Structures are given as structure tokens and as C-alpha cells.
Amino acid sequence: MTAISKFQNDFTENIMGYSALGIILSTCIGSVAVMTTLSFGNGFLPMFFVLLTVIICSLHNAAILTVQKPILIFKLLVTSIVVNALIIIGSFIF
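Cut-offs and rules
- Residues numbered from 1 in each chain as written.
- Predicted model: local features only at pLDDT ≥ 70, side-chain atom pairs only at ≥ 80, totals over all residues.
- Heavy atoms only, no water.
- Helix = DSSP H or I, 4+ residues; strand = E, 2+ residues; numbered from the N terminus.
- Buried < 20%, exposed > 50% of the residue type's maximum accessible area, 1.4 Å probe, protein only.
- Contact = heavy atoms within 4.5 Å.
- Areas by Shrake-Rupley, 256 points an atom, 1.4 Å probe, with all protein chains shown as cover.
- Phe/Tyr/Trp six-rings, centres within 6.5 Å; stacked < 30°, edge-to-face > 60°.

Turning our eyes to something else, we now look at the overall build of the protein chain. Summing up its helical and strand segments, the protein chain has four helices and zero strands in all. N-terminal to C-terminal, the α/β element order of the protein chain is α-α-α-α. Looking at the protein chain residue by residue over its 94 residues, the buried ones come to 31%. Looking at the protein chain alone, contacts between residues at least 24 apart form 69% of all its contacts between residues at least 6 apart. Per element, the accessible surface of the protein chain, about 6000 Å² overall, is 78% carbon and sulfur.

In C-alpha cells form, the structure reads like this:
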């Protein structure tokens, strides 16, 4: 069993605690992504990345609030973290 599948099983068993932590983590990383994106300008591309960040974080939060399946919430959390981390890294490159 890989570390990801172990964490996924633990996430499923303790969904309430991980949901609270997931909202905080997703929102904090998303806000850093928006801040770094907007610090380099406000053209079409930065605004697209801000829109992408808001959509990804909102999807994760909405999945928790509407009590979706734990696997969906887990996948949206991982997607939110990866996409926002790529936006943060990409904003320093471009």
C-alpha cells in the first residue's frame, strides 16, 4: 500500500477533521497564489490564473459543504494544492 492510498484511507475515515484542515489549507495556498499572481501585473493571463484559483478553491469548499463523497473531496483537495502550487511557481518564472 502506497503512502497516498494510506492517506486516502485515513482521510475517508476521519473526513470531518480533514475537511476542516483542507478548507484552511486550500484557502491559504489559494490566497498566496492570487497574491503572487497579482503582484506581477493585472493583464489577461494573471486574471485567468486568479479565476482558475478561485474556481478550484471554490469547488473544493463546495464539495465539503454539500457533503460529497470523501474520495471526491480528497481528489479536489489534491487538485487544488497542485494547481495553486503550480500557479505560485509559474508566477515567479514568467
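Quick look at the packing of aromatic side chains now. A full pass over the atoms with the stated rule returns seven aromatic pairs. Centroid distance Phe 11 to Tyr 18: 5.5 Å. Interplanar angle 25°. Geometry classified as stacked. Note on Phe 11: relative accessible area 1%, which makes it buried. Taking the centre distance of 5.4 Å and the plane angle of 55° together, the rings of Phe 11 and Phe 74 count as tilted. Note that Phe 11 is positioned in helix 1 (residues 3-13) and Phe 74 in helix 4 (residues 70-93), a separation of 63 residues in sequence. The same class applies to Phe 11 as to Phe 74, namely buried.

Mapped onto the elements, His 60 comes out in helix 3 (residues 44-65). For His 60, a relative accessible area of 1% puts it in the buried group. Those residues in contact with His 60 that sit more than four places away from it in its chain are Gly 22, Ile 23, Ser 26, Ile 73, Leu 76 and Leu 77.

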